[in-house]
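Next come the chains, spelled out residue by residue.
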Amino acid sequence: HRAMLDAAWARRPYPGDDFIVPFGKARLVRPGTEVTVVTWGAMVERCERAAQVSQVDAEVLDLRTLSPWDREAVLESVKMTRRCLIVHEDNLTAGFGAEIAAVLARDAFFDLDAPIERLTMPDIPSPHSPVLLEAAVPSVERIAQAIQQIASV
């Protein structure tokens, strides 16, 4: 993602030549007990900030890879929090969040206390203009509102 190339939050110390991102292993960004927020890519930083300002004890999981994706970590977290918000910047229709929601509906249905929610870009072509793109993708404010809404169900 272009924002991850030079954004301050994306900069990390060099992990060494032997470091490899573990495929299929989610990273726990922020522990929580009330809502699970599943995300990846540039939305990770926004979800982390949104969880901090939402005043909800939200757990944030960074999938890191989508094929394979860490079903076990997501299921374990959702079974604990009993709520799930999936945030990504792809379209709502046919976005990868639908795959996660389908697995949760099948494998965690009886553990859920609220509907599985998805917050995405609307079903429009991805704008090339930075101003339009910023208006289309989920903002920290919209993510925080979604966290608060699902926590109140």
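Attention in this report is confined to the structure presented alongside it. All figures in this text were calculated on a predicted structure; none of them were measured in a lab. (Residues numbered from 1 in each chain as written. Predicted model: local features only at pLDDT ≥ 70, side-chain atom pairs only at ≥ 80, totals over all residues. Heavy atoms only, no water.)

Where helix 2 (residues 43-53) contacts helix 6 (residues 140-151), the axes come no closer than 8 Å and their chain directions differ by 55°. In terms of orientation, helix 2 and helix 6 fall into the oblique class. Relative to helix 6, the crossing made by helix 2 is right-handed. When helix 2 is examined against helix 6, the residues Arg46, Cys47, Arg49, Ala50, Ala51 and Val53 are found in contact with a partner set consisting of Val140, Ile143, Ala144, Ile147 and Gln148. (Axes fitted to C-alpha atoms, helices over the stretch in contact; angles between N-to-C directions. Helix = DSSP H or I, 4+ residues; strand = E, 2+ residues; numbered from the N terminus. Parallel < 35°, antiparallel > 145°, perpendicular 65-115°, else oblique. Left-handed = near helix turned anticlockwise from the far one by under 90°. Contact = heavy atoms within 4.5 Å.)

A word on the pattern of salt bridges. This model, assessed by the stated rule, comprises six salt bridges. Salt-bridge contacts for arginine 49 lead to glutamate 45; the nearest nitrogen and oxygen are separated by 2.6 Å. Within this pair, arginine 49 and its partner glutamate 45 are both found in helix 2, separated by four residues, close to a single helical turn. Between aspartate 107 and arginine 106 there is a salt bridge, with its nearest N and O atoms 2.8 Å apart. Classification of aspartate 107 as partly exposed rests on a relative accessible area of 33%. (Salt bridge = Lys/Arg side-chain N within 4 Å of Asp/Glu carboxyl O. Buried < 20%, exposed > 50% of the residue type's maximum accessible area, 1.4 Å probe, protein only.)

Moving on: the state of the cysteines. Applying the stated rule across the entire model yields zero disulfides. The closest cysteine sulfur to the non-disulfide-bonded cysteine 47 is located on cysteine 84, 11 Å from its own sulfur. Using a relative accessible area of 0% as the deciding quantity, one classes cysteine 47 as buried. (Disulfide = S-S within 2.5 Å.)

Our next topic: the packing of aromatic side chains. Here the structure, examined in full by the defined rule, presents three aromatic pairs. An angle of 90° between the planes, with centres 6.2 Å apart, marks the rings of tryptophan 69 and phenylalanine 96 as edge-to-face. You can see tryptophan 69 sitting in the loop between strand 3 (58-62) and helix 3 (71-81) and its partner phenylalanine 96 sitting in helix 4 (residues 96-107), a full 27 residues away along the chain. In this structure phenylalanine 96 comes out as partly exposed when scored by relative accessible area, which is 22%. Note on phenylalanine 109 and phenylalanine 110: the rings are 5.1 Å apart at their centroids and 90° apart in plane angle, and the pair reads as edge-to-face. Relative accessible area serves as the criterion here: at 77%, phenylalanine 110 is assigned to the exposed category. (Phe/Tyr/Trp six-rings, centres within 6.5 Å; stacked < 30°, edge-to-face > 60°.)

The subject of this paragraph is the nonpolar core. Ranked by size, the top nonpolar core spans 25 residues in total, and within it Val37, Leu85, Val87, Ile143 and Ile147 carry the most contacts. Top contributing element to this core by residue count: helix 6, with six residues. Not counting residues up to four positions away in its chain, the partners in contact with valine 87 are Val37, Val38, Thr39, Trp40, Met43, Cys47, Leu119, Pro138 and Ile143. Among the nonpolar cores identified, the runner-up in size contains 17 residues, and Trp40, Ile86, Ile100 and Leu112 belong to it. (Core = buried A, V, L, I, M, F, W, Y, C linked by side-chain atoms within 4.5 Å.)

If you trace the backbone, alanine 102 turns up in helix 4. The exposure class assigned to alanine 102 is partly exposed, which follows from its relative accessible area of 45%. For alanine 102 and proline 138, which are 36 residues apart along the polypeptide, the C-alpha to C-alpha distance reads 21 Å.

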